[in-house]
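So you can see what is in the structure, the chains are spelled out below.
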Amino acid sequence: MAAVPPGIRMLVSFDRDQWYRALTFILTFLLYTSFHLSRKPISIVKSELHKNCSPVSEIATLASSSGSPQPPPQPPIHADMDCSWKPFDKKNYRQLLGAMDYSFLCAYAVGMYLSGIIGERLPIRLYLTVGMLSSGLFTCLFGLGYVYNIHNMGFYVFVQVANGLVQTTGWPSVVTCISNWFGKGRRGLVMGLWNSHTSVGNILGSLIAGYWVSSNWGMSFIVPGIIIAVMGVVCFFFLIEHPNDLKSMYAQNTSPGKRVPTKSWNGVNDGHTEVYHQYKDNQTQSYDTELLLPSDSLCVPAQTVVVVKRESEPSAISFMGALRIPGVIEFSLCLLFAKLVSYTFLFWLPLYITKTAHLDAKKAGDLSTLFDVGGIVGGILAGVISDRLGKRATTCAVMLLLAAPTLYGFSMISEFGFGPTIGMLLVCGGLVNGPYSLITTAVSADLGTHKSLKGNARALSTVTAIIDGTGSIGAALGPLLAGLLSAGGWDQVFYMLMTADFLALLCLLRLVTKELTSSKSPPTSAVELKEH
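Position numbers for residues count from 1 along each chain, tracking the sequence in the order it is written. It should be noted that, the model being predicted, local features are given only for residues of pLDDT at least 70 and side-chain atom pairs only at 80 or more, the latter also being counted only at that level, while totals for whole chains, interfaces and linings use all residues. Side-chain metrics in this entry use all non-hydrogen atoms of the structure; hydrogen atoms and water are not considered.

Looking at an unreviewed UniProt entry, one finds the protein named Major facilitator superfamily (MFS) profile domain-containing protein, with Champsocephalus gunnari as its source organism. UniProt positions are given in the numbering used here, feature names are shortened, and annotations may be inferred rather than shown by experiment. Its UniProt record, at the heading Catalytic activity (unreviewed entry), says of the protein: "D-glucose 6-phosphate(in) + phosphate(out) = D-glucose 6-phosphate(out) + phosphate(in)". UniProt, in its Subcellular location (unreviewed entry) section for the protein, records the words "Membrane".

This is the structure:
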């Protein structure tokens, strides 16, 4: 008989729960990758919406100066093929582009506070599916502006606002799902690996948008819109919100003759609990009984098992109740400034490279992906270090302290060729996105299951939404300020980013002091998340 291949032996060594945990990890990773994939095209297309019109102007001047009569030139199918795309052909194009970013991010910030509260009260799978399908629709609508030659600024602002609102369904939903499946043990590492979906989505979005940006920038939006809509359908069919959902399904599939509910039993069953009568044999038991009876194949005498269930599920936490959780306000304010820096790079880095390095839109978009590659490494390192030390705030503070001078170095070195620029992009990406990644994932999950909640796991989505919603205010302000300040020179933009980094550091000083002065406490990884 031939030996079983080692790969098959490895596959069968995993139990059912491990396979479902892996499925949830991969699926939520891909789902949020598609969210960021659909956000990235606007930063790539900016350099195409406003182009250098001098060649067209020169042709028009030569034609008007020649004395020979010529037929009037035929208007091009799309004006942006020869010049800028109206209304972004004006001198205030930076402000107009910044206003589009601000429309999306301001709507995202406002919607995020409501999204977490709504998400606690609706099935996550359905809530996320509707959000992804709607986001796909509005992303495609932006691209259809090219197809149907739409030059109305109000149309693009409306699409951005609507897309910002529906995209708020994503983050609280996926963080809640992944936290339901993974406990606090090595949460920083797991979340660091998982949160690389942000950078992976940015990279894929840049590559997809860059492929069509010079020939048909409408497709730079339509293709990502289709992708996120398809992933929404996948979410509907495959996302498992909580391990208990599976256990309930397996319990319902057991033989109905094996479970006999009784209506009353003095001292235990008073109308709020149930008593199940179950016999141990070689057949599958219901989930509640499996927890109490032996799992081996030995037969045991018939016995009555009393399962006392809680009277009701814990109620969802209020907004003010979530704010009272220790650390929520500090980390929320820190994320406001950290996300300001990260999203300024997300929306303006390709245009900055285009203007300073004199590259076309596709090459600038490809080069900007290195910032996200550094972000992947930085997020993972932040998670591993904070797991080992058990000090989330201190880890964030050190990276923020190093990020500010690195940003200044990038503004200086980027003028000295590709080699130094590539290196600084990687370093900046790691130091900027490391704290951002840690706060939005592991820190949010820790605070959402804080001991002050006394096991109420329904606070996780609300806490996540508060932290990310506050951060999204900074994400809205950063690109807007960049659009206003860049008119006076890119140096002012980098001074603004360095100031934001220092302010983020100041927000964590109290928590850092508390971590460093506290008695030797076990790392966070030593505290296991209570099953719920």
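A.B. asks: What's the story with the overall build of the protein in this structure? I'm lost.
C.D. replies: Counting from the N terminus, the helices are the DSSP runs of H or I reaching at least four residues and the strands are the DSSP runs of E reaching at least two. A count of helices and strands for the protein gives 21 helices and three strands. Whether a residue is buried, partly exposed or exposed follows from its accessible area with a 1.4 Å probe, protein chains only, as a fraction of its type maximum: under 20%, in between, or over 50%, in that order. In the protein, buried positions account for 52% of the 532 residues. Throughout, a residue-residue contact means that at least one pair of heavy atoms, one from each residue, lies within 4.5 Å. Sequence-distant contacts, at least 24 apart, represent 82% of the contacts inside the protein between residues at least 6 apart. Only carbon and sulfur atoms are counted for the fraction: they give 66% of the accessible area of the protein, which is about 24600 Å². Method for areas: the Shrake-Rupley scheme with a 1.4 Å probe, in which residue coverage is limited to the protein chains shown.

A.B. asks: Where do I start with the pattern of salt bridges in this structure?
C.D. replies: When a carboxyl oxygen of Asp or Glu is within 4 Å of a side-chain nitrogen of Lys or Arg, the pair counts as a salt bridge. All chains considered together, the criterion is met by four salt bridges. The residue Asp 101 makes a salt bridge to Lys 46 at a minimum N-O spacing of 2.4 Å. Taken as a pair, Asp 101 in helix α5 (residues 93-119) and Lys 46 in helix α3 (residues 41-49) lie far apart in primary sequence, 55 residues in all. Grouping residues by exposure puts Asp 101 and Lys 46 together as buried.

A.B. asks: Would you mind showing me how to read unusual backbone geometry here?
C.D. replies: Comment: phi is negative for the bulk of residues other than glycine, and the bulk of peptide bonds are trans. Cis rather than trans, the peptide bond between Lys 86 and Pro 87 has omega equal to 5 degrees. With a phi angle near 55 degrees, Asn 149 is a residue other than glycine that sits in the positive phi range. By secondary structure assignment, the location of Asn 149 is in the loop between α6 (124-147) and α7 (153-166).

A.B. asks: Can you help me understand the packing of helix α2 (residues 16-39) against helix α8 (residues 170-181) in this one?
C.D. replies: Think of two packed helices as two axes; the pair is described by the angle between the axes and how far apart they sit. The axes used here are C-alpha line fits, helices contributing only the stretch in contact, and every angle between their N-to-C directions lies in the interval 0 to 180 degrees. Taken N-terminus to C-terminus, the directions of α2 and α8 make an angle of 165 degrees; their axes are 10 Å apart at the nearest point. One way to sum up the angle between α2 and α8 is to call them roughly antiparallel. For the pair α2 and α8, the crossing hand works out as left-handed. Where α2 approaches α8, its residues Asp 17, Tyr 20, Arg 21, Thr 24, Phe 25, Thr 28, Tyr 32 and Phe 35 are matched on the opposing element by Gly 170, Trp 171, Val 174, Cys 177, Ile 178 and Trp 181. Along the lines of polarity and charge, the residues of the contact of α2 with α8 split into nine nonpolar, three polar and two charged. Just so you know how the angles are binned, under 35 degrees is roughly parallel, over 145 roughly antiparallel, 65 to 115 roughly perpendicular, and the rest oblique. Here a crossing is taken to be left-handed if its near helix is turned anticlockwise relative to the far helix by less than a right angle, and right-handed if that turn runs clockwise. For this classification, the nonpolar set comprises Ala, Val, Leu, Ile, Met, Phe, Trp, Tyr, Cys and Pro, the charged set comprises Asp, Glu, Lys and Arg, and every other residue, Gly included, is treated as polar.

A.B. asks: Quick question: what am I supposed to make of the nonpolar core here?
C.D. replies: Residues grouped as a nonpolar core are buried Ala, Val, Leu, Ile, Met, Phe, Trp, Tyr and Cys residues, joined through side-chain atoms within 4.5 Å. One finds Met 100, Trp 217, Phe 345, Phe 410 and Leu 497 to be the most contacted residues of the largest nonpolar core, which totals 113 residues. Looking at this core, the element that brings in the most residues is helix α15 (residues 328-357), giving 15 residues. Aside from chain neighbours lying at most four places away, what touches Phe 410 is Phe 345, Leu 349, Tyr 352, Thr 421, Met 424, Leu 425, Cys 428 and Phe 494.

A.B. asks: What exactly am I supposed to notice about the side chain of Thr 169 here?
C.D. replies: Within the fold, Thr 169 resides in the loop between α7 and α8. Setting aside residues up to four positions removed in sequence, Thr 169 forms contacts with Phe 35, Ser 115, Tyr 127, Leu 128, Gly 131 and Met 132.

A.B. asks: Is there a simple way to explain a nonpolar patch on the surface in this structure?
C.D. replies: Like-charged residues within 9 Å of one another, or nonpolar side chains (Val, Leu, Ile, Met, Phe, Trp, Tyr) within 5 Å, are grouped into patches, provided each residue has over 30% relative accessible area and no salt bridge. A contiguous nonpolar surface patch, about 660 Å² in accessible area, is contributed by Val 4, Ile 8, Met 10, Leu 11, Val 12, Phe 14 and Trp 19. Among the elements that take part in the nonpolar patch, helix α1 (residues 6-12) stands out by supplying four residues, more than any other. In this structure, Met 10 sits in helix α1.

A.B. asks: Is there a simple way to explain the packing of aromatic side chains in this structure?
C.D. replies: Here the distance between the centres and the angle between the planes together describe a pair of aromatic rings. Two rings from Phe, Tyr or Trp (for Trp, the six-membered ring) form a pair when their centres sit within 6.5 Å of each other. Planes less than 30 degrees apart are called stacked, planes more than 60 degrees apart edge-to-face, and all others tilted. Throughout the structure, instances matching the rule amount to 26 aromatic pairs. Judged by centre distance (4.9 Å) and plane angle (85 degrees), the rings of Tyr 211 and Trp 212 are edge-to-face. A residue is classified by how much of its surface remains accessible, and Tyr 211, at 59% relative accessible area, is exposed. Taken together, a centroid distance of 6.4 Å and an interplanar angle of 75 degrees make the contact between Tyr 343 and Tyr 436 edge-to-face. Placement of Tyr 343 in helix α15 and of Tyr 436 in helix α18 (residues 418-448) is noted, with a sequence separation of 93 residues between them. With respect to class, Tyr 343 is no different from Tyr 436; both count as buried. Through a chain of ring-to-ring contacts, three or more aromatic side chains come together here, namely Trp 85, Phe 88, Phe 142, Tyr 146, Phe 155, Tyr 156, Trp 217 and Phe 221. Criterion for a charge above a ring: Lys NZ or Arg CZ within 6 Å of the ring centre, and within 35 degrees of the ring normal. Over the aromatic face of Phe 236 sits the side chain of Arg 125, whose NZ or CZ is 4.9 Å from the ring centroid.

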